[in-house]
Every structure is written in C-alpha cells, then in structure tokens.
Amino acid sequence: MTVYFIGAGPGDPELLTLKAQRVIGECPVCLYAGSLVPPEVVACAPEGARVLDTAVMTLDDTHAEILAAHQRGEDVARVHSGDPSLYGAIAEQIRRLKADCIDYAVIPGVPAYAAMAAEMKQELTIPEIAQSIVLTRMSMQSTSMPKGETLENFAKTGATLAIHLAVRNMREIERVLVPYYGAECPVVVGYRVGWPDQMLIRGTLSDIRKKVRAEKITRTALIMVGPALAAGQEFKDSALYDPEKPHVLRPVIGVGLVEDHNT
C-alpha cells in the first residue's frame, strides 16, 4: 500500500489538481485536515471509504489508522491544506512511515499565497521593485522559529513578505516592519481564501491592524506586505517580452533569418 500526502489547495474544491482528485477517488482510506480542508474536497472519495477528519486526532491516532490500513493492504489519502511542503506537518509523519517501511508519495497542491495573489489579481514580483517572496511565520504558541529567521532580518531585504500564522500579532508586525517598509507600505490580509466566506482586507502598515480587528479575524489568515502590492504604480516592463532583449527562443530580428538561411 501507499500513503499519499495530498495538497488540497486553499479550500476551493475546483483548485484540487486532477491527480489529487483521482487518487482521493481511488483510496479506501482518506484522512483529511477538516479545520482547513472542507468536506467538499474529499467528497470524491469512493463509496464506502473510511473518511476521517483529523482535526481532533493526534499524530499517534493518525498513524494508527495508517498502520491498520497497511495491514489491510489499503492505500491512504492523507489530505492537507495548501501544498504539503509548506507548514504541512508531514515531516514527522514521513519519519514514522520510514520507520515502519511504509511507502509514501507526495502530490503538490495550490499554496495559499498563490491563491491569494490570484484573488488579489496581481503579480507579487514586480521588476525593479520586488523580485523575491519570503514565505514565513511568527513564533507564538506554535513551534519556535530558528535563530536568524526573524521578521526583522527578512524585512531588511525589502522583499514581498507572506506571513503565515500571525494575524493575532498585527501590532508586532507593524512595530517591526515600519522602520524598513514605511508606515504607508501596502498590506493585504487574506481570510479563508478559497472558501465561500473569503475576505481580502487592504490597508497599510499604519492602519491594517484596526481594519483586521474591526472584522474580528483571529485565525486562518495570510498577511502579505511589500511595495509590490501597491495598485497602479509605475514600474519598468519585464525584459521577458522586450524586443531589444533577445533570448534563445526569440533572436534579434534579422539574425534569426540569417541562421535559418544558413541552415
């Protein structure tokens, strides 16, 4: 048997990949993170499948279900939100599978930051303004951050920041980032992106905290910060389609014709 770690995307069942949908539809056992994955995502499980919401389960509980499925020779769909590679908590599960010599595979999903950018209808990397995205989180009640991976260090780069698991710490975000990005730097908070009740809250580092508090958002949110988020700004066109910047698939006009003739 095989355990399939499946990225379910941000919540919208239509953002489930074709491969993920097929595998869920073939597995006799489906374990899904119900606090972040809506039941509609796993509705394609086969009739009679053992479908369990793992929100109330421990690591020992989920592994016990996997061991039981292994004894029966049944594949398991282990469905996580977003993409499993980012805050998916699959590393400790994989360690146990390896110890028990159980095969596994990983199927990627749409990450929350990508789904949020789509809802914002904009690009996160703008020429000469921001060409990097930092995916990070803040230490609160969850696992502590490694030394050096601080919001202040990331802010020094000026990159677009995608901050997870931090909506309850908006005051600290404002305090740390304003000296680097400025009080008027744009911020967007995405609440439950991909769900029917999704919400995008736009503001700046100086006022976003009050806006988030007014909406009473305390969880399931992603915070994006950076100058690339400014709407209607002036910026240089990318060199990707610049006629003066040839590349291997688009040679300078005239040169390609000579090369074709010689060929």
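All figures in this text were calculated on a predicted structure; none of them were measured in a lab.

Engineer: Is there a simple way to explain the overall build of the protein in this structure?
Structural biologist: Scanning the protein from N- to C-terminus turns up eight helices and ten strands. For the protein, buried positions account for 39% of its 263 residues. Residue pairs in contact within the protein that sit at least 24 positions apart in sequence constitute 67% of those at least 6 positions apart. Element-wise, carbon and sulfur atoms account for 53% of the exposed surface of the protein, whose accessible area totals about 14,800 Å².

Engineer: Please clarify how the packing of aromatic side chains should be interpreted in this entry.
Structural biologist: Where two aromatic rings form a pair, the distance of their centres and the angle of their planes describe that pair. For the structure shown, the criterion picks out one aromatic pair. On the basis of an interplanar angle of 75° and a centroid distance of 6.3 Å, the ring pair of Phe 5 and Tyr 104 is categorised as edge-to-face. Placement of Phe 5 in strand S1 (residues 2–7) and of Tyr 104 in strand S5 (residues 103–107) is noted, with a sequence separation of 99 residues between them. Judged by relative accessible area, which is 0%, Phe 5 ranks as buried. The ring centre of Trp 195 lies 4.1 Å from the NZ or CZ of Arg 192, which sits over that ring.

Engineer: What's the story with empty space enclosed by the protein in this structure? I'm lost.
Structural biologist: Empty space among the atoms can be located by rolling a probe the size of a water molecule over them. Summed over all chains, the structure comprises one cavity of 30 Å³ or more. Here the lining of the largest cavity takes four residues from helix H2 (residues 59–72), the largest share from any one element. Taken together, the residues of the lining of the largest cavity sort by class into three nonpolar, three polar and no charged.

Engineer: Help me understand the environment of Ala 77, please; the structure alone is not making it clear to me.
Structural biologist: Among the secondary structure elements, Ala 77 is positioned in strand S4 (residues 76–80). For Ala 77, a relative accessible area of 0% gives the class buried. Look past the residues within four positions of Ala 77 in its chain and what remains in contact with it is Tyr 4, Ile 6, Ile 24, Cys 27, Val 29, Cys 30 and Leu 31.

Engineer: Looking at this structure, I do not really get unusual backbone geometry. What am I missing?
Structural biologist: Apart from glycine, the bulk of residues carry a negative phi angle, and the bulk of peptide bonds sit in the trans form. Notably, Ala 89 is not glycine yet its phi reads approximately 55°, a positive angle. Locating Ala 89 in the fold gives a position in the loop between S4 and helix H3 (91–99).

Engineer: Would you mind going over the nonpolar core with me for this structure?
Structural biologist: Taken as a class, soluble globular proteins show a tendency for nonpolar side chains to be buried jointly. Ranked by internal contacts, the top residues of the largest apolar core, which has 26 residues, are Leu 161, Ile 163, Ile 173, Leu 177, Val 189, Ile 223 and Val 225. Among the elements of the structure, helix H5 (151–155), strand S7 (160–164), helix H6 (170–181), strand S8 (186–191), helix H7 (208–214) and strand S10 (221–225) are those that each provide at least two residues to this core. Element by element, the count of residues in this core is highest for H6, at five residues. Leave out the neighbours within four places in its chain, and Val 189 touches Met 116, Val 167, Met 170, Met 199, Leu 200, Ile 201, Ile 208, Val 212, Ala 221, Leu 222 and Ile 223.

Engineer: Sorry, what's going on with the sheet that holds S5 here?
Structural biologist: Sheet strands associate in pairs through backbone hydrogen bonding, adopting either a parallel or an antiparallel arrangement. Spatially, five strands are ordered S3-S2-S4-S1-S5 in an open sheet, and the strand pairing comes out parallel. Edge positions in the sheet fall to strand S3 (50–53) and S5, since each has one partner strand and no second. Strand-to-strand twist in this sheet, taken as the mean axis angle between neighbours without regard to direction, amounts to 15°. Sheet topology note: the strand S2 (residues 29–32)/S3 ladder contains four bridges and is parallel. Paired with Cys 30 across the strands is Val 51, a residue of S3. Its contacts with the sheet put H3 on S1, S4 and S5, and the angle it makes with S1 is roughly 170°.

Engineer: It is not clear to me how the confidence of the model for the protein should be interpreted in this structure. Could you clarify?
Structural biologist: Close inspection of predicted coordinates is inappropriate in any region flagged by low pLDDT. Chain-level statistics for the protein give a pLDDT mean of 89 and a share of 86% at 70 or above. Segment residues 255–263 is flagged for pLDDT under 50; beyond a separation of four residues in sequence, or across chains, it makes one contact in the model.

Engineer: How should the layout of surface pockets be read in this particular structure?
Structural biologist: Computed from the structure, the largest pocket encloses a volume of approximately 1,700 Å³. Going through the elements one at a time, H2, S4, H3, helix H4 (112–120), strand S6 (133–137) and S10 are the ones with two or more residues in the lining of the largest pocket. Considering every element that reaches the lining of the largest pocket, the biggest residue donor is S6, with three residues. Within the lining of the largest pocket, the residues separate by chemical class into 24 nonpolar, 18 polar and eight charged. In this structure, the second largest pocket encloses a volume near 160 Å³.

What counts and what doesn't
- Residues numbered from 1 in each chain as written.
- Predicted model: local features only at pLDDT ≥ 70, side-chain atom pairs only at ≥ 80, totals over all residues.
- Heavy atoms only, no water.
- Helix = DSSP H or I, 4+ residues; strand = E, 2+ residues; numbered from the N terminus.
- Buried < 20%, exposed > 50% of the residue type's maximum accessible area, 1.4 Å probe, protein only.
- Contact = heavy atoms within 4.5 Å.
- Areas by Shrake-Rupley, 256 points an atom, 1.4 Å probe, with all protein chains shown as cover.
- Phe/Tyr/Trp six-rings, centres within 6.5 Å; stacked < 30°, edge-to-face > 60°.
- Lys NZ or Arg CZ within 6 Å of the ring centre and 35° of its normal.
- 1 Å grid on protein atoms, 1.4 Å probe; cavity = no way out; pocket = protein on both sides within 12 Å on 5 of 7 lines; lining within 4 Å.
- Points joined across faces, edges and corners; volume = space filled by probe spheres on them.
- Nonpolar A, V, L, I, M, F, W, Y, C, P; charged D, E, K, R; others polar.
- Core = buried A, V, L, I, M, F, W, Y, C linked by side-chain atoms within 4.5 Å.
- Pairing = 2+ DSSP bridges.
- Axes fitted to C-alpha atoms, helices over the stretch in contact; angles between N-to-C directions.
- pLDDT = per-residue confidence, 0-100.

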